[in-house]
There are 2 protein chains.
Amino acid sequence: MGSLHDVVENTNVVCPPNPLDPEEFRRQGHMIVDFIADYYHNVDKFPVLSQVSPGYLRECLPDSAPNHAEPIEAILQDVRNHIVPGITHWQSPNYFAYFPSSGSIAGFMGEMLSVGFNVVGFNWMSSPAATELETIVMDWLGKMLNLPKPFLFSGGGGGVLQGTTCEAILCTVTAARDKVLTKIGRDRIGDLVVYCSDQTHCALKKAAQIAGIHPDNIRALRTRRSDAFGLCPETLRSALADDVSEGLVPLYLCATVGTTSSTAVDPLRGLCEVAAEHDIWVHVDAAYAGSACICPEFRHFIDGVEGADSFSFNAHKWFFTTLDCCCLWVKEPQHLVNALSTNPEYLRNKATESKKVVDYKDWQIALSRRFRSLKLWMVLRSYGVANLRNFIRSHVNMAELFEELVTKDERFEVVVPRNFAMVCFRLLPPLGGLSARDCGLETANAITKRLLDSVNATGKVYVTHAVVGGVYLIRFAVGASLTEERHVRSAWMVVQEQAEALLAEFNVHPVMQEQTDAVLTAAVHG
Amino acid sequence: MGSLHDVVENTNVVCPPNPLDPEEFRRQGHMIVDFIADYYHNVDKFPVLSQVSPGYLRECLPDSAPNHAEPIEAILQDVRNHIVPGITHWQSPNYFAYFPSSGSIAGFMGEMLSVGFNVVGFNWMSSPAATELETIVMDWLGKMLNLPKPFLFSGGGGGVLQGTTCEAILCTVTAARDKVLTKIGRDRIGDLVVYCSDQTHCALKKAAQIAGIHPDNIRALRTRRSDAFGLCPETLRSALADDVSEGLVPLYLCATVGTTSSTAVDPLRGLCEVAAEHDIWVHVDAAYAGSACICPEFRHFIDGVEGADSFSFNAHKWFFTTLDCCCLWVKEPQHLVNALSTNPEYLRNKATESKKVVDYKDWQIALSRRFRSLKLWMVLRSYGVANLRNFIRSHVNMAELFEELVTKDERFEVVVPRNFAMVCFRLLPPLGGLSARDCGLETANAITKRLLDSVNATGKVYVTHAVVGGVYLIRFAVGASLTEERHVRSAWMVVQEQAEALLAEFNVHPVMQEQTDAVLTAAVHG
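Because the structure is a prediction, the values reported are computed rather than measured. (Residues numbered from 1 in each chain as written. Chains lettered and ligands numbered in written order. Predicted model: local features only at pLDDT ≥ 70, side-chain atom pairs only at ≥ 80, totals over all residues. Heavy atoms only, no water.)

**Student:** I would appreciate a short explanation of the nonpolar core in the present structure.
**Tutor:** The tendency in soluble globular proteins is for nonpolar side chains to be buried as a group. Counting 399 residues, the largest nonpolar core has A:Trp329, A:Trp377, B:Trp329 and B:Trp377 as its most contacted members. Beyond its immediate chain neighbours, meaning those up to four positions away, B:Trp377 contacts A:Leu61, A:Ile75, A:Asp78, A:Val79, A:Ile83, B:Leu133, B:Val137 and B:Trp140. (Core = buried A, V, L, I, M, F, W, Y, C linked by side-chain atoms within 4.5 Å. Buried < 20%, exposed > 50% of the residue type's maximum accessible area, 1.4 Å probe, protein only. Contact = heavy atoms within 4.5 Å.)

**Student:** Could you clarify how one ought to interpret the confidence of the model for chain A in this entry?
**Tutor:** Interpretation of the predicted coordinates at a detailed level should be avoided for regions scoring low in pLDDT. Residues and elements named next belong to chain A. When the pLDDT values of chain A are averaged, the result is 92; 91% of them are 70 or greater. Throughout residues 510–514 the model reports pLDDT below 50, and contacts reaching past four residues in sequence, or to other chains, amount to six contacts. Low confidence marks residues 521–526, where pLDDT is under 50. Its contacts with residues over four positions away, or in another chain, come to nine contacts. (pLDDT = per-residue confidence, 0-100.)

**Student:** Honestly, the interface of chain A and chain B in this entry has me stumped. Any pointers?
**Tutor:** Where the parts come together, the accessible area they lose is often given as the size of the interface. If you look at the interface, chain A gives 156 residues, while chain B gives 155 residues. Summing the contributions of chain A and of chain B, the shared interface buries around 14300 Å²; its carbon and sulfur component is 66%. When residues of chain A are sorted by the area they lose upon contact with chain B, A:Phe25, A:Tyr346 and A:Arg381 head the list and together hold 6% of the total. The tally of links from chain A across to chain B stands at 16 salt bridges. Residue A:Glu111 pairs with B:Arg370 through a salt bridge whose shortest N-O separation is 3.6 Å. Of the residues forming the side of chain A that touches chain B, the biggest block, 18 residues, is contributed by helix H2 (residues 22–42) of chain A. Each residue belonging to the side of chain A that touches chain B can be placed in one class, and the counts come to 83 nonpolar, 43 polar and 30 charged. (Buried area = accessible area lost by both parts, 1.4 Å probe. Salt bridge = Lys/Arg side-chain N within 4 Å of Asp/Glu carboxyl O. Helix = DSSP H or I, 4+ residues; strand = E, 2+ residues; numbered from the N terminus. Nonpolar A, V, L, I, M, F, W, Y, C, P; charged D, E, K, R; others polar.)

**Student:** When you look at the UniProt feature "modified residue: N6-(pyridoxal phosphate)lysine" (unreviewed entry) in chain A in this model, what are you seeing that I'm missing?
**Tutor:** Residue and element names in this part refer to chain A. Under the UniProt annotation, "modified residue: N6-(pyridoxal phosphate)lysine" (unreviewed entry) lies at Lys317. Looking at the element boundaries, Lys317 is found in helix H10 (residues 315–318). Other than its neighbours up to four places away in sequence, Lys317 contacts Phe99, Pro100, Ser101, Ser102, Ala287 and Tyr288. (UniProt positions renumbered as here; feature names shortened; annotations may be inferred.)

**Student:** Help me understand the relation of the copies chain A and chain B in this model?
**Tutor:** Two chain copies, one operation linking them: a rotation about an axis together with a shift along it. Rotating chain A by 180 degrees and moving it 0.0 Å along the rotation axis overlays it on chain B with an RMSD of 0.0 Å. In symmetry terms, the pair is related by a two-fold rotation axis. (Least-squares fit on C-alpha atoms with pLDDT ≥ 70 in both.)

**Student:** Explanation requested: the sheet that holds strand S4 (residues 249–256) of chain B in the structure shown.
**Tutor:** Residue and element names in this part refer to chain B. The mixed open sheet is built from seven strands, whose spatial order is S1-S7-S6-S5-S4-S2-S3. For this open sheet the edge positions go to strand S1 (158–162) and strand S3 (218–221), each flanked by a neighbour on one side alone. In this sheet, neighbouring strand axes are inclined to one another by 20 degrees on average, regardless of whether the strands run parallel or antiparallel. Both strand S2 (residues 192–197) and S3 contribute to a ladder of four bridges, which runs parallel. The residue of S3 that forms the bridge with Ser197 is Leu221. (Pairing = 2+ DSSP bridges. Axes fitted to C-alpha atoms, helices over the stretch in contact; angles between N-to-C directions.)

**Student:** Would you mind showing me how to read the domain arrangement of chain A here?
**Tutor:** All names here are of chain A. Looking at the assigned domains, one finds that chain A contains domain 1 (3–86), domain 2 (128–370) and domain 3 (392–525). Computed over C-alpha atoms only, the centres of domain 2 and domain 3 are separated by 34 Å. Counting from both sides, the interface comprises 22 residues of domain 2 and, opposite them, 21 residues of domain 3. Counting the contacts that link domain 2 with domain 3 gives one salt bridge. (Domains from an automatic or database assignment.)

**Student:** Explain the sheet that holds strand S13 (residues 471–477) of chain B here, please?
**Tutor:** To summarise the sheet geometry, strands pair through backbone hydrogen bonds and adopt either a parallel or an antiparallel arrangement. Residue and element names in this part refer to chain B. Read from one edge to the other, the open sheet built from four strands follows the order S8-S9-S13-S12, with strand pairing classed as antiparallel. The open sheet has two free edges, formed respectively by strand S8 (412–414) and strand S12 (464–468), since each of these has just one partner strand. The sheet shows a mean angle of 40 degrees between the axes of neighbouring strands, taken without regard to direction. The sheet contact formed by S12 and S13 spans five bridges and is antiparallel. Among the inter-strand pairings, Ala466 is bridged to a residue of S13, identified as Leu473.

**Student:** Even after reading the chapter, I still don't get the packing of helix H2 (residues 22–42) of chain B against helix H3 (residues 72–83) of chain B, so can you show me in this structure?
**Tutor:** Each pair of packed helices can be summarised by the angle the axes make with each other and by the distance between the axes. Residue and element names in this part refer to chain B. Contact pair H2 / H3: the axes reach a minimum separation of 12 Å and the direction vectors enclose 20 degrees. Relative to H3, the element H2 is oriented roughly parallel. In this structure, the crossing between H2 and H3 has a hand that is right-handed. Where H2 abuts H3, its residues Arg27, Gln28, Met31, Ile32 and Phe35 lie against Ile72, Glu73, Leu76, Val79 and Arg80. When the residues that make up the contact of H2 with H3 are grouped by side-chain class, the tally is six nonpolar, one polar and three charged. (Parallel < 35°, antiparallel > 145°, perpendicular 65-115°, else oblique. Left-handed = near helix turned anticlockwise from the far one by under 90°.)

**Student:** It is not clear to me how the packing of aromatic side chains should be interpreted in this structure. Could you clarify?
**Tutor:** For any pair of aromatic rings, geometry is given as the distance between the ring centres together with the angle between the planes. A complete count under the given rule lists 60 aromatic pairs over all chains for this structure. Ring geometry for B:Tyr288 against B:Phe420: centres 6.1 Å apart, planes inclined by 90 degrees, an arrangement best described as edge-to-face. One end of the pair, B:Tyr288, is in the loop between strand S5 (281–285) and strand S6 (310–314); the other, B:Phe420, is in the loop between S8 and strand S9 (422–427), and 132 residues separate them in sequence. Each ring, one from B:Tyr383 and one from B:Phe391, has its centre 5.4 Å from the other, and the planes form 70 degrees; the classification is edge-to-face. Accessibility classification places B:Tyr383 together with B:Phe391 in one group, the buried group. Through a chain of ring-to-ring contacts, the aromatic side chains of A:Phe25, A:Phe117, B:Tyr39, B:Tyr40, B:Phe46 and B:Phe108 assemble into a single cluster. A cation over an aromatic ring shows up here: A:Arg475 above the ring of A:Phe99, its NZ or CZ 4.9 Å from the ring centre. (Phe/Tyr/Trp six-rings, centres within 6.5 Å; stacked < 30°, edge-to-face > 60°. Lys NZ or Arg CZ within 6 Å of the ring centre and 35° of its normal.)

**Student:** Whenever I open this one, the pairing of strand S5 (residues 281–285) of chain A confuses me. Can you help?
**Tutor:** Put simply, side chains in a regular strand alternate between the two faces of the sheet. All names here are of chain A. Within S5, five of the five residues are buried, which leaves the element mostly enclosed by the surrounding structure. Where strand S4 (residues 249–256) and S5 come together, five bridges link them in parallel fashion. Across the sheet, the residue bridging to Tyr252 is Trp281, located in S5.

**Student:** Even after reading the chapter, I still don't get the pattern of salt bridges, so can you show me in this structure?
**Tutor:** For the coordinates displayed, the defined rule picks out 76 salt bridges over all chains. Between A:Glu353 and A:Arg348 there is a salt bridge whose closest N-O contact spans 2.8 Å. A salt bridge links A:Arg370 to B:Asp324; the nearest nitrogen and oxygen atoms lie 3.5 Å apart. Of the two residues, A:Arg370 sits in the loop between helix H12 (350–354) and helix H13 (373–408) while B:Asp324 sits in the loop between helix H10 (315–318) and strand S7 (326–330), which places them in two different chains. By the burial criterion, A:Arg370 is buried, and B:Asp324 matches it. Because the salt bridges share partners, they merge into one network encompassing A:Glu111, A:Asp324, A:Arg370, A:Arg372, A:Lys375, B:Glu111, B:Asp324, B:Arg370, B:Arg372 and B:Lys375.

**Student:** What exactly am I supposed to notice about helix H5 (residues 128–144) of chain A here?
**Tutor:** Owing to its 3.6 residues per turn, the α-helix brings residues three or four apart onto one side. All names here are of chain A. Between its terminal C-alpha atoms H5 stretches 24 Å, which fits the 24 Å expected from 17 residues at 1.5 Å a residue. The buried count for H5 comes to 16 of 17 residues, which makes it a mostly enclosed element. Following H5 by one or two positions, Asn146 adopts a phi angle in the positive range, close to 55 degrees. (Expected span 1.5 Å × (residues − 1).)

**Student:** Please clarify how the pairing of S2(B) should be interpreted in this entry.
**Tutor:** Residue and element names in this part refer to chain B. Along S2, six of the six residues are buried, which leaves the element largely enclosed by surrounding structure. Neither face of S2 is exposed, since Leu192, Val194 and Cys196 on one face and Val193, Tyr195 and Ser197 on the opposite face are all buried. Sheet topology places S2 next to S4; four bridges connect them, and they run parallel. Paired with Tyr195 across the two strands is Leu253, which belongs to S4. Since S2 and S3 lie parallel, the crossover through helix H7 (residues 202–210) that links them has a hand, and here it is right-handed. (Right-handed = clockwise from strand over helix to strand, strands pointing away.)

**Student:** What exactly am I supposed to notice about the environment of B:Ile136 here?
**Tutor:** Position of B:Ile136 relative to the elements: it lies in helix H5 (residues 128–144). Owing to a relative accessible area of 3%, B:Ile136 belongs among the buried residues under this scheme. Leave out the neighbours within four places in its chain, and B:Ile136 touches A:Leu57, A:Arg58, A:Leu61 and A:Pro62.

**Student:** Even after reading the chapter, I still don't get unusual backbone geometry, so can you show me in this structure?
**Tutor:** What you tend to see is this: most non-glycine residues have negative phi, and most peptide bonds are trans. A:Leu323 connects to A:Asp324 through a cis peptide bond whose omega is -5 degrees. Although it is not a glycine, A:Lys355 sits at a positive phi angle of roughly 60 degrees. When you line up the elements, A:Lys355 lands in the loop between H12 and H13. In this model, B:Phe229 sits at a positive phi of 65 degrees, which is unusual for a non-glycine residue. Turning to its location among the elements, B:Phe229 is positioned in the loop between S3 and helix H8 (233–245).

Printed below as a string of structure tokens:
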């Protein structure tokens, strides 16, 4: 460590005359484009899951910033040597973990333009194109999703680009909260209750807590395997009735289309009907699965959204738009504005006062905002609706293929029905003459966890896990932009090889059932 | 409109085989680099403040997303024709509005790498380099600012990159809130009180409201011109005593180093001493001026920060790092983690359980996070501490020059002492034989507002305004990366020319004082 830095410091490199000198920008820009293009060429050769240990980077870098300038060539060398090994390669075609972070050329180019202009579009005035393009693109996208007209600007509602779903939920919870507190009095904040299911993303709990909802008033309602882990409207109805009878005030429901653990879908129509009985705000979180709903054959998953107050999905997950980009639509933007607006003197301007413009600072948490719509606009135009649908379909087809491969192998089980491009499966090996189905949940969970660890340790693929209804499962999420059918087939071979090795271990060393259980239980908790 | 799109749709352009094809990426990447380099070459020729009218872009773009792919060349043509005219050019050397959004080559290249890798660094495991580089860079930067050791990882505290100051304040208010409510009971959220001055950025009020602080319990304490609009510790002491005597619970003070309106500085040491008497959380918001504190001669502005609990500044303002990048340090990260952590099963992993790693998702609002440290690291290394200080100093010197020019012209007044690279001035013309100093605040305000509008209407420069202590002033903030002394001199000539034209108007048409007042009053409210 340090040697490169020392050399550079001693040679006293001259700093470019201006930090934004156009010709130096051009020189370095071309260099970085080639660096990244080469990275994409080679990304399938890196271990998908980074193999470094905690603290690795402090060993490689100096303790303090350099006093003098260092050349880009030296910095890129350090990126190659020290940063790339610490990256988990979300752009790898062998990445099947969490949900995808599907980059694209168009998304990248839009981001470059946005970073190049580097405007701070807090209100219309500060850069009109940033606001106007966002309103246009959100209407385009709303139409692609066939969102009900009241969600579009052209129908009295409107869309806004947030960074993440967490922010979208926090903004809408806050809007709902202030709408209700304005009626019943600020002092009753402690009486407000927020609803979700036990499958809802943790973003809901976090957002509700940030917004000052009492932690005891966040209801994670139980789902069942028989409902495919969707939230049953009757469960909601009963929870609402209980709270109302306690004198509490139902506020907000977060329904999910495509849960993180298993891509379960809450039945929107039924839930919205129940919610309407208590006039609570319904937000639909389709962070992952929203993208699929641009395809007519998947649109039914958000049937009933017309009863909701807000809807969001992450274009940075499965819509070929780089991180971060969460698309949020609301029927009544005024509720966001009422809760989130600020009007300091130093931001007063004629455009705002004309009331002919949108000032997006009042639709989000932060004042400053990036020109995010450029990248989404470039994705929509560079590919067009037809290709975007086909990209999504090709991922779903690959997931379907993987599902078939799993199904054909009797040592495995597909745990829940596949809705989109993710397959949830587990290993169910025969153990000690009993099938794992018979040998207890804990054993089955432990062996699947062992399989997950050994698959990831190969570095050839990366998959992650979830537990639904007590069942430990491996999530196989197709969606990385570079993934092709051959990568899915290879991934399945890796899974099979590791499963065989794992089973061989038990065949070579047959043990009593209790011992096996003990070993595996230790593994799952270790 | 439409013609270009129609042609493209009809020719049925073939979509690239893969949305991340490396060779197509390379081709388009080089094209965009050249596009942006050319933009920087020409940015001084555009009207700084966009001259478009509300709704202009809907006239230029189709109502729906295209069905088929469009080539990058066609999209870039639309960027040139339709987007650039709607941009307010924050990167122009003639941009002196709000605070700077100082881009740099290094910041841009870091952002490109981050977008290219497109990792989602919510926890250590998801991409170790993203977390580790951030902890290292935040320690580097903390040392450059000479922050007290307890703010650094190496001293038990730590730094984190947020998007904006709004988020930094919201996170720390939430941390402070939960720390106190855990002791006194959740039901007392309505008793918590947050303090700031009447000069504090609106982010504080917004963050406090989002966090569920009662809107009546946000105290914007009065500042005075005699204190240069800094918050007097005695004012705070008295407010605290009043609230305590009412049975309320003081929670949080936001002190500012470099206010938005006039770069006023709150006296940190005195405020922290008073705050300590009530054990309230002190956050120091140095969003703009923090950058200057890497120069030893400006470091005294944050003397006393050792008594604070958290400190933040925006690297995207005046630190050559593209939007967004807010640097936040806290002495006790555990309070952030207690308030903001989530631990769903699907994110469980061995690294987290080893407690040897930082999981930044628990230090911020959102779960997902960009690899922001790359750009900051590249800025620190590409320029080095010495050059960064010199960049800052050159801006301060240019502001000093502008201040001298204003001071020498007796028709103008510098309203408050200049602390950093921003000059606050107003026009004080002789009117009807009286000097404006004598002819009333309203008249003086009105004529300065007229001057602002006419200066901005030239398109040659962009400046914005503030009102402090009732005085309407023009803020001249030096800090755009491309700005050189000649731009500052030209800007001053534009101001003088417009002032002369404005004064000539009154000389050609001499009017009674009351009428002048009426005209100008209409102007300021119009």
